Each structure stands twice: as structure tokens, then as C-alpha cells.
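# Report on the structure
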Amino acid sequence: LDYSLTDDFCRNHFLVGLLLQEVGGALQEHRDIRQMAIQVLKGLMIKHTFDDRYAARVSDAAFLTQRFLHFSKIH
């Protein structure tokens, strides 16, 4: 699976773009580094799922968390 983040996306969503760039780089590293990056991303996604400020998007976040958990089990 290949993906890329555009400069425009990273400018408009700076923190998310930075996080995804770092996680993407970490996925190319040693197993311990990959697992740590996945745990950080998973933890952030879970926190957003249960954050009341994102109540309107809970179902979307839950779906994304499930997809991410499935992806992390594969790798």
C-alpha cells in the first residue's frame, strides 16, 4: 500500500501532517520503533473517539480506529 501526503494537506492540517509523516518514517525503522509509532497513533485515535468535543464524529473515528487496529495487526 503506497500513500503520500501533499504539501497542501500538510499546510492545512499541520499537526496531522507532521504526525503522519513521522509515523510513515517510523514504519521503515526497527520493529520497536514501528510498534511505538503505531501505539502513539492508536492512542491518539482512541482518545479522539472518546472525546466529547468530537461527539458528532464518533462513528467516523470508531470506524477509522477499527481499520487502524486491523492494519496494525497485519504489520
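Just above, that's the structure.
Residues numbered from 1 in each chain as written. Predicted model: local features only at pLDDT ≥ 70, side-chain atom pairs only at ≥ 80, totals over all residues. Heavy atoms only, no water.

Turning our eyes to something else, we now look at the overall build of the protein. Counting secondary structure elements, the protein contains 4 helices and 0 strands. Of the regular secondary structure in the protein, the N- to C-terminal order runs α-α-α-α. Looking at the 75 residues of the protein, the share that counts as buried comes to 20%. Contacts in the protein between residues far apart in sequence, at least 24 positions, make up 19% of those at least 6 positions apart. Total accessible area on the protein stands at roughly 6300 Å², and carbon and sulfur atoms take up 57% of it. (Helix = DSSP H or I, 4+ residues; strand = E, 2+ residues; numbered from the N terminus. Buried < 20%, exposed > 50% of the residue type's maximum accessible area, 1.4 Å probe, protein only. Contact = heavy atoms within 4.5 Å. Areas by Shrake-Rupley, 256 points an atom, 1.4 Å probe, with all protein chains shown as cover.)

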